[in-house]
Amino acid sequence: MSVLSEGVRERIRALFPKYPNKRAVTLPALHIVHDELRQVSTEAIREIADLLDLHPAEVHDTMSFYNFFKDEKHPLGKHRVWVCRSIACALRGGEELLAHACDKLGVHPGETTRDGRVTLEFAECLGACEGAPCVLVNDECHMNISHEGFDELARKL
Amino acid sequence: MPEFEPVLLARINKPQSAALETYRADGGYEALRKAVAMSPGDVTELVKSAGLRGRGGAGFPTGVKWTFLPKDHPGPIYLCVNADESEPGTFNNRILMEFDPHQLLEGIAIACHAIRSPTAYLYLRYEYGRSYRVLETAIQECYAAGILGENFMGTGRRLDVHLHRGAGAYICGEETGLIESLEGKRAWPRIKPPFPAIEGLFRKPTIVNNVETLCCVTHIVARGAEWFKSVGIAPDPQNPRDAGSYGPKLYTVAGHVNEPGCFELPMGVTARELIDVHAKGVWKGRKAKAVVPGGISMGFLSADELDTPLDFNGPGKRGCLGLGTAAVVVVDDQTSMVDVLYNCCRFFSHESCGQCTPCREGTLWMTKILERIRTGHGRLEDLDLLLEVAGSMGIIPGTTICGLSDGAAWPVKNAIHKFRPEFEEYIRTGRTSRDPVAYAH
Ligand SMILES: Cc1cc2nc3c(=O)[nH]c(=O)nc-3n(C[C@H](O)[C@H](O)[C@H](O)COP(=O)(O)O)c2cc1C
Ligand code: SF4
Ligand code: FES
């Protein structure tokens, strides 16, 4: 049984013409799989490698460099919430906000709530420092987030 | 002096500023039309004569970089647009992409014509989801309008722009880390030479340029080199190697100010004017203690150095690494420099790609030493130890492959040199700082 659906494979293959070789599709393929399956399992790595004519170790090497991708032991929750801890946010309460988020969700940074709803992460500068402290929900940024503002965001997830 | 009029941010507050229709109504893509009627060499010459220098951090003259491409290369030549923007404090590329994507796409197309590249890859940091969607729409509009694609702008040639999303690593902003990442590998920067212009993406000649740099290209073609040189600061006549600091510049101001934001001003505005006039002063009626002049990699200005002009030369004259990304971060007088420096060191330790030992270990140990100081167990000798570690890592001492390491060392050097009494006092009195977050190990 393959873990990559035909739909996912199709989306990956559709990227081939954009690049002169298939290896360049590694990162986009990892994103597609990760978004869909909320993890990139060892089997998924094998299947991506197969599609891209690579050795699984090559795909694994790339994947593991970017802390971004989760393996089968640490699958992502339904949503991923990042709280920025870098300087501009930290100067305006970013770390206290992250601590509040940990309390609120009952997890440490990097962990997923028991109901599988939210994975909480710390982020380094999100490039939205004018709205410090800020929070990225999946890939949408929310600026000037108070503790109550965070609770409000979390409620909607 | 005539009143300065913003050009890069001129459209961002207009309704539908990201749409092709409004961009065209404002005269958009006329510069590209003009450029494709010129020879590639003439466009390069124009950009060179304008004195445009890269906005991504290194300040290398853009037109000069383009001339480093091999002549008569069979191709393909690639353009990589560096939209990885991750230097703490920096957000001007995001504003340009979210609110005026066509200004950037026009610059990309002009650059591709100048360097004879059929393909541009825009490497976008993953976190910029909104930029991604705005650019995707804008690119589709361009294909539909014949601005991109087969026979772009009626030239009979093909031009493609592809978006490529990163995966949360600062090092992908270093140009060869970016190239490795685009090729599907870990983003380990390459040893140079060869520089990308000779051997870059897919081992082909490649130009890497920042988003703001390419937006400037659009306006240089539209308004001419003389216009560009009428803004900013001319070369220092005492310094034959100074290429000047011409053109408008996007400064971002964040941290302890009343109104953080992105401001377009002539290159060379002072830190004080940015803080007091544009960002409406330090918050809570306080004073600034330290100011980051261009992203944390550049180090710190102290409170008595705020009249430093933020052009390519100014911060360096005050012991900072350079202008960097012109991202100003203000630290007020109630904040501990130990805590600020710890935050900076932790960032670089987290983001070091790990391939050079002095950088991987140096960033880690500087963080650990500061951690020790913050738990009240610091020793006065730790300050010299920090300086020793900082002095041993980077391209400048010649021990590492890329400049992340120099950028990691710089805030340490500046903080300890400029704020030593504060560090000593912190250690001597056994002060501590608590990390509000509990990290799982
Ligand atoms: C650690 C590191 C991170 C960098 N990050 C970025 C970045 O996010 N964006 C950028 O444009 N340049 C970044 N640069 C600079 C690039 O290597 C390169 O000089 C730049 O993209 C060239 O474009 P420009 O000449 O238009 O400035 C970084 C450099 C280093 C050493
Ligand atoms: S200096 Fe640091 S970030 Fe740069 S290549 Fe070496 S280890 Fe990687
Ligand atoms: S420091 Fe948090 S967004 Fe830049």
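Nothing here was measured: the structure is a model prediction, and the numbers come from that model. (Residues numbered from 1 in each chain as written. Chains lettered and ligands numbered in written order. Predicted model: local features only at pLDDT ≥ 70, side-chain atom pairs only at ≥ 80, totals over all residues.)

Chemist: Help me understand the sheet that holds strand S9 (residues 288-292) of chain B, please; the structure alone is not making it clear to me.
Modeler: All names here are of chain B. As summarised here, the arrangement of the 5 strands in space is S8-S7-S11-S9-S10, forming an open sheet in which the pairing is mixed. Unpaired on one side and paired on the other, strand S8 (261-266) and strand S10 (301-302) mark the two borders of the sheet. Bridge count for S9 against strand S11 (residues 327-332) is 4 bridges, and the pairing is antiparallel. Its bridge partner being in S11, Val291 is matched across the sheet by Val330. (Pairing = 2+ DSSP bridges. Helix = DSSP H or I, 4+ residues; strand = E, 2+ residues; numbered from the N terminus.)

Chemist: I would appreciate a short explanation of the site of ligand 2 in the present structure.
Modeler: All names here are of chain B. Of all residues adjacent to ligand 2, which total 14 residues, the nearest are Cys353, Cys356, Cys359, Thr400 and Cys402. Elements supplying a minimum of two residues to the shell around ligand 2: helix H14 (357-374) and helix H16 (404-428). By residue class, the composition of the shell around ligand 2 is 8 nonpolar, 5 polar and 1 charged. (Near = placed C-beta within 6 Å. Nonpolar A, V, L, I, M, F, W, Y, C, P; charged D, E, K, R; others polar.)

Chemist: How should I be thinking about helix H9 (residues 211-223) of chain B in this particular structure?
Modeler: Residues spaced three or four apart along an α-helix point in a common direction, a consequence of the helix completing one turn every 3.6 residues. All names here are of chain B. With 13 residues, H9 extends 19 Å between its outermost C-alpha atoms, agreeing within 8% with the 18 Å of an ideal straight helix rising 1.5 Å per residue. Most of H9 sits out of view: 11 of its 13 residues are buried. All buried positions along H9 are accounted for by Val211, Glu212, Thr213, Leu214, Cys215, Cys216, Val217, Thr218, His219, Ile220 and Val221. Immediately beyond the C-terminal end of H9, within one or two residues, lies Gly224, with a positive phi of roughly 95°. (Expected span 1.5 Å × (residues − 1). Buried ≥ 20, exposed ≤ 12 C-beta atoms within 10 Å, placed from the backbone.)

Chemist: Help me out: how do you make sense of the packing of helix H13 (residues 337-351) of chain B against H14(B) in this one?
Modeler: Packed helix pairs are characterised by how far apart their axes lie and by the angle those axes make with each other. Residues and elements named next belong to chain B. Two numbers describe how H13 lies on H14: the axes approach to 8 Å, and their chain directions differ by 150°. Relative to H14, the element H13 is oriented roughly antiparallel. When you trace H13 past H14, the crossing you get is left-handed. Seen from H13, the contacting residues are Val338, Leu341, Tyr342, Cys345, Arg346, Phe348 and Ser349; seen from H14, they are Thr363, Leu364, Met366, Thr367, Leu370, Ile373 and Arg374. (Axes fitted to C-alpha atoms, helices over the stretch in contact; angles between N-to-C directions. Parallel < 35°, antiparallel > 145°, perpendicular 65-115°, else oblique. Left-handed = near helix turned anticlockwise from the far one by under 90°. Contact = placed C-beta atoms within 7 Å.)

Chemist: Explain the site of ligand 1 here, please?
Modeler: Residues and elements named next belong to chain B. Of all residues adjacent to ligand 1, which total 23 residues, the nearest are Gly54, Gly56, Gly173, Asn210 and Thr213. Broken down by element, the residue count for the shell around ligand 1 peaks at 3 residues, all from strand S4 (residues 206-210). Class assignment of the residues belonging to the shell around ligand 1 gives a composition of 6 nonpolar, 11 polar and 6 charged. Domain assignment of the residues forming the shell around ligand 1 places at least three in each of domain 1 (20-231) and domain 3 (337-428). (Domains from an automatic or database assignment.)

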